[in-house]
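# Tertiary structure, described
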Protein chains: 2
Amino acid sequence: MSEIEKIRIQESLQEILQQVVELLSKHQLVEGLVHKQDMPRHDLVETLVHKQHLAELQKKLDELHSADIAYILEALPLEQRLQVWDLVKVERDGDILLEVSDAVRESLIASMDSEELLAAAEQLDTDEIADLAPDLPHDVLQELMVSMDAQNRAHLQSAMSYPEDTVGALMDFDMVSIRDDITLEVVLRYLRRLGELPGHTDKLFVVDRNDNFKGVLSLERLLVHDPEASVAAVMAEDAVTFHPDDEADEAASAFERYDLVSAPVVDRSNRLVGRLTVDVVMDFIREESDSEMLSMAGLREEEDLFATVWKSIQNRWTWLALNLVTAFIASRVIGVFEGSIEKIVALAALMPIVAGIGGNSGNQTTTMIVRALALGQIRGSSIRKLFLKELGVSLVNGLIWGGIIGLVAWLLYRNAALGVVMTGAMILNLLLAALMGVLIPMLMHKLGRDPAVGSSVMITAVTDSGGFFIFLGLATLFLI
Amino acid sequence: MSEIEKIRIQESLQEILQQVVELLSKHQLVEGLVHKQDMPRHDLVETLVHKQHLAELQKKLDELHSADIAYILEALPLEQRLQVWDLVKVERDGDILLEVSDAVRESLIASMDSEELLAAAEQLDTDEIADLAPDLPHDVLQELMVSMDAQNRAHLQSAMSYPEDTVGALMDFDMVSIRDDITLEVVLRYLRRLGELPGHTDKLFVVDRNDNFKGVLSLERLLVHDPEASVAAVMAEDAVTFHPDDEADEAASAFERYDLVSAPVVDRSNRLVGRLTVDVVMDFIREESDSEMLSMAGLREEEDLFATVWKSIQNRWTWLALNLVTAFIASRVIGVFEGSIEKIVALAALMPIVAGIGGNSGNQTTTMIVRALALGQIRGSSIRKLFLKELGVSLVNGLIWGGIIGLVAWLLYRNAALGVVMTGAMILNLLLAALMGVLIPMLMHKLGRDPAVGSSVMITAVTDSGGFFIFLGLATLFLI
């Protein structure tokens, strides 16, 4: 029972992290003392204390699941991270490398020599090695290939040959396949001889003698049907299958839609080539949504929390540069109206409100559209309805919020005409925001780009420059 | 095989959607003709054509998976949605209601009378009814309760009693539990008698005679071990378990971490009370990340793509109001410096650049910190490291981008001092952005609020007002 409690999670994981850090810092303290003082009498004692802490830490690590060690490694600054990494048993290195984030994996691999990497990789399945491959030094990969048998080498090469976001890159080769002309009894005997099943085996794949996929036999059916029945009679033919070059998000949405645990991957000629499992799909979904979140703030990739200043700057600079350009354009729009601002300086104080609210409203529209596009819910005939709805929302919002802020401007500056211009500019900029909020993501989608990534910068750029232009333009026309 | 191809997805789903829409519009066309013209001779023919289209559509719908019908309903405007909904077989209503998004569910339920709702709900398991319950009219729910047997009513009440984001709200009651003092052979016979297993049964739960949880017997072990062995000898005791009041995201992260398909839910006294499965967890993860994405743009809840203008305004207004307040504050900061702007009107054109880049940089920092907080990776001792790193990044970025834009300002306005002030303001505002970018999410986390939701507005508010204040303040001090 204590085992169960131990694995009961997160909070206790954070406690474990705390313990690891304490043990590490005690260890470093002692090491510091040993280095500073050279008193031979103390030496022995301190080395003992020191060793004791390390042993305790190692014991703790040995008890933990690989995913939990990965969590601890990610939460530690580089120096402590590498100390813990050194204490992890060599035979677990591979599993842990698979679990950590890309940025942390890079830092761990950089600390290992070829031999250690080879030892780590040799513990893994070929599809797992394929996942690590992009981060492995070329010579290590070569040596690995040489050490493999022909079938595994072929698997590795095939797994590495698929682009990152395809089913082929996510699939594994651990499937149990059976023939359809045997009885369930024979299948049961076969499984007992196997001794264990690959993780996430909820169904066996049924093939004919040429490895052509025929259907699936779920463990459920295997268990509840008469053992004398034949596989062909009990199996299901209408299984969801994938091709290796199917897009991974489509496969993920099929897993969600049809509540799958595993599914066969077949090639164009219907031969069984691999298997996709729910754990991999779930990791993929998590990574996708994480990277979308990051890219919305202009972080190009997941950043190691303790990355160097220089690495962080490299990760973030494109976004800042792009925004600097759009901000500069908006600034030049204002520059055109400097004469008007000189005459009515209140314009300078009021203009960011028009631009800002336009940006917010546009981003709401864009977020809706991006989601609907991702779900494939927008078709030709519904586009006009969408435009009308968004324009309607903007018009009402413009009247309400523009009215309020126009009133405030009037009261603040005792200038009714200024208030009216303010209200008019808000309405127009919100309409612009609605128009572009629908148009920009739709256009990006049509051009085959991911609308989730760039739409937000573009809509903000348009509503900023547009907002300044509309407000200052109206003011120049009617107030000056 | 054609079945397999049919279920092979997304693209073809969009094709099906297209076909549905075409059949619907043909149907509407005919209906329109029938209504307009009252020629009795044509009547018959048109009614036939009309019926034929509906029959074709109905046949198509009957072939589809409930999740796919849900997809089609979500993609259709209200009127067409209800037409399709009417064609769906009554016994599938319940399943489909579970699959559609909250907003669409509301629109479907609004179109059904009590009897239809009762018929739909009666097809569902108690944990599924509990999911629908918040959307059901009170009298329907009452009637449902009355029609249930005592055990199901107890289940329903317990499922409804847990807060939305807990394991209790996600669990089901479809577990197969066995005793530990029997042999595998007996288990196998028991399963065959059951005839079928609940979905996602990858393991059986082992309990003693008082329903106390003892461990799990995976189907794998059941299949590969000698049938003569006892359950106690083969089962695993170190299973991951949850409590009904555990937070759902912690459970979800445990599912990801330990690659679970199903897990037992036990109460504080270790009695088995339910089961959590990966399909529910995956839906939960997807909904969480969706709602985070929506709330980042200030959409309070998932919006039906074809919601009315008024509904959309209600969904979006809080965010706009909040942003109007922060924009107004920034505007008043500028107001303080109107005298300076009157003297150097270039300040008005340059100030949005300082504010904007500060906001972008601050959002990058905040996004990093929010992620790290969500993963529980920030501890006391690493906070100082994080601050120093972010300040370092900002300093370098300020020097580079501030330097460039300062140079541009100098060249544009032939004013070296203005360029220096611009560079200085950029550096200071980026440092402010880094400071607040770390501080704001950490504070919100400490106060027990979700840092993902409000951090972005707050950081932008600070860097806007702060940026204007720093730039205009420096200009007033040194240039005027």
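Keep in mind the model is a prediction, meaning the values are calculated, not measured. (Residues numbered from 1 in each chain as written. Chains lettered and ligands numbered in written order. Predicted model: local features only at pLDDT ≥ 70, side-chain atom pairs only at ≥ 80, totals over all residues. Heavy atoms only, no water.)

## With respect to the overall build of chain A
Per the secondary structure count, chain A includes 23 helices and 5 strands. Compactness check: chain A gives a C-alpha radius of gyration of 31 Å against a globular reference of 23 Å for 480 residues, more than 25% above the reference. Overall, chain A is about 90 × 80 × 45 Å in size when its C-alpha atoms are taken along their principal axes. Within chain A, the proportion of its 480 residues that are buried is 54%. Considering only contacts within chain A whose residues lie at least 6 apart along the sequence, 64% involve residues at least 24 apart. The average position of the 39 basic charges and that of the 73 acidic charges among the side chains of chain A differ by 6 Å. (Helix = DSSP H or I, 4+ residues; strand = E, 2+ residues; numbered from the N terminus. Rg over C-alpha atoms; globule rule 2.2 N^0.38 Å. Buried < 20%, exposed > 50% of the residue type's maximum accessible area, 1.4 Å probe, protein only. Contact = heavy atoms within 4.5 Å. Lys, Arg positive; Asp, Glu negative; His and termini not counted. Charge placed at Lys NZ, Arg CZ, Asp CG, Glu CD.)

## A few points about the interface of chain B and chain A
Facing 137 residues of chain B, the contacting portion of chain A comprises 137 residues. Surface buried jointly by chain B and chain A totals about 12500 Å² across both partners, of which 64% is contributed by carbon and sulfur atoms. Scanning the region where chain B abuts chain A turns up 8 salt bridges. Our count for the chain B to chain A interface comes out at 31 residue pairs in polar contact (both at pLDDT 80 or more). The element contributing the most residues to the side of chain B that touches chain A is helix α20 (residues 346-374) of chain B, with 18 residues. The residue makeup of the side of chain B that touches chain A, split by class, is 75 nonpolar, 28 polar and 34 charged. (Buried area = accessible area lost by both parts, 1.4 Å probe. Salt bridge = Lys/Arg side-chain N within 4 Å of Asp/Glu carboxyl O. Polar contact = N/O pair within 3.5 Å; in protein donor to acceptor, adjacent residues only side chain to side chain. Nonpolar A, V, L, I, M, F, W, Y, C, P; charged D, E, K, R; others polar.)

## Some thoughts on the sheet that holds strand β1 (residues 177-179) of chain A
Residues and elements named next belong to chain A. Taken in spatial order, the 3 strands line up as β1-β2-β3 in an open sheet, and their pairing is mixed. This sheet does not close on itself; its edge strands, each paired only once, are β1 and β3 (213-218). In this sheet, neighbouring strand axes are inclined to one another by 35 degrees on average, regardless of whether the strands run parallel or antiparallel. Note: strand β2 (residues 203-207) against β3, 5 bridges, orientation antiparallel. (Pairing = 2+ DSSP bridges. Axes fitted to C-alpha atoms, helices over the stretch in contact; angles between N-to-C directions.)

## Structural notes on the UniProt feature "transmembrane region" (unreviewed entry) in chain A
Residue and element names in this part refer to chain A. UniProt's entry tags residues 391-413, 420-444 and 456-479 with the feature "transmembrane region" (unreviewed entry), counted in the numbering of this structure. Between the end C-alpha atoms of residues 420-444 there is a gap of 36 Å, over a span that is 100% helix and 0% strand. Between the end C-alpha atoms of residues 456-479 the distance is 33 Å, and the span holds 100% helix and 0% strand. (UniProt positions renumbered as here; feature names shortened; annotations may be inferred.)

## Description of the nonpolar core
Formed by 132 residues in total, the largest nonpolar core has its most connected members in Phe242, Phe255 and Leu276 of chain A together with Phe242, Phe255 and Leu276 of chain B. Discounting chain neighbours no more than four positions away, the residues touching Phe255 of chain A are Phe242, Leu260, Val261, Ser262, Ala263, Leu276, Thr277, Val278 and Val281 of chain A together with Met282 of chain B. Counting 78 residues, the second-largest nonpolar core is a separate cluster that includes Tyr413 of chain A together with Ile334, Ala349 and Val421 of chain B. (Core = buried A, V, L, I, M, F, W, Y, C linked by side-chain atoms within 4.5 Å.)

## Quick look at the pattern of salt bridges
Throughout the structure, instances matching the rule amount to 24 salt bridges over all chains. Between Arg371 of chain B and Asp290 of chain A there is a salt bridge, and its shortest N-O distance comes to 2.7 Å. Of this pair, Arg371 of chain B sits in helix α20 while Asp290 of chain A sits in helix α17 (residues 278-296), on two different chains. The shortest N-O distance in the salt bridge between Glu390 of chain A and Lys389 of chain A comes to 3.9 Å. Judged on exposure class, the residue Glu390 of chain A and its partner Lys389 of chain A are both buried. Members of the salt-bridge network, linked through shared partners, are Asp102, Arg105 and Asp135 of chain A.

## Concerning the environment of Met296 of chain A
Along the polypeptide, Met296 of chain A turns up in helix α17. Exposure remark for Met296 of chain A: the relative accessible area of 26% places this residue in the partly exposed category. The residues touching Met296 of chain A, leaving out its near neighbours within four places in the chain, are Trp319 and Ala452 of chain A together with Met293 and Met296 of chain B.

## A closer look at the UniProt feature "domain: CBS" (unreviewed entry) in chain A
According to UniProt, the positions carrying the feature "domain: CBS" (unreviewed entry) are residues 171-234 and 235-291 of chain A. From the first C-alpha to the last, residues 171-234 of chain A spans 26 Å; its make-up is 33% helix and 22% strand.

## What about the packing of helix α10 (residues 138-147) of chain A against helix α11 (residues 150-161) of chain A?
Residues and elements named next belong to chain A. The N-to-C vectors of α10 and α11 enclose an angle of 140 degrees; their axes lie 9 Å apart at closest approach. Classed by the angle they form, the pair α10 and α11 counts as oblique. Facing α10, whose interface residues are Leu141, Met145 and Val146, α11 presents Arg153, Leu156, Gln157 and Met160. Here the contact of α10 with α11 is composed, by residue class, of 5 nonpolar, 1 polar and 1 charged. (Parallel < 35°, antiparallel > 145°, perpendicular 65-115°, else oblique.)

## Let's talk about the relation of the copies chain B and chain A
Two chain copies here: they are related by a rotation about an axis and a translation along the same axis. The operation relating chain B to chain A is a screw motion whose rotation component is 180 degrees, with 0.0 Å of axial translation and a residual RMSD of 0.1 Å. The operation mapping one copy onto its partner corresponds to a two-fold rotation axis. An overlap of 99% is found between the interface residues of chain B and their copies at the interface of chain A, pointing to a shared contact surface. (Least-squares fit on C-alpha atoms with pLDDT ≥ 70 in both.)

## Brief notes about the pairing of β2 of chain A
Residues and elements named next belong to chain A. By the criterion of burial, β2 is predominantly enclosed, with 5 of the 5 residues buried. By the alternation rule, side chains of β2 split into Lys203, Phe205 and Val207 and Leu204 and Val206, which are all buried. One crossover worth recording links β1 to the parallel β2 by way of helix α13 (residues 184-194), and it is right-handed. (Right-handed = clockwise from strand over helix to strand, strands pointing away.)

## Overview of α20 of chain B
Each α-helix winds once per 3.6 residues, and so residues spaced three or four apart point in a common direction. Residues and elements named next belong to chain B. With 29 residues, α20 ought to run about 42 Å at 1.5 Å a step, and its terminal C-alpha atoms sit 43 Å apart, in line with that. Among the 29 residues of α20, 27 are classified as buried, and the element is accordingly described as predominantly covered. Immediately beyond the C-terminal end of α20, within one or two residues, lies Gly376, with a positive phi of roughly 70 degrees. (Expected span 1.5 Å × (residues − 1).)

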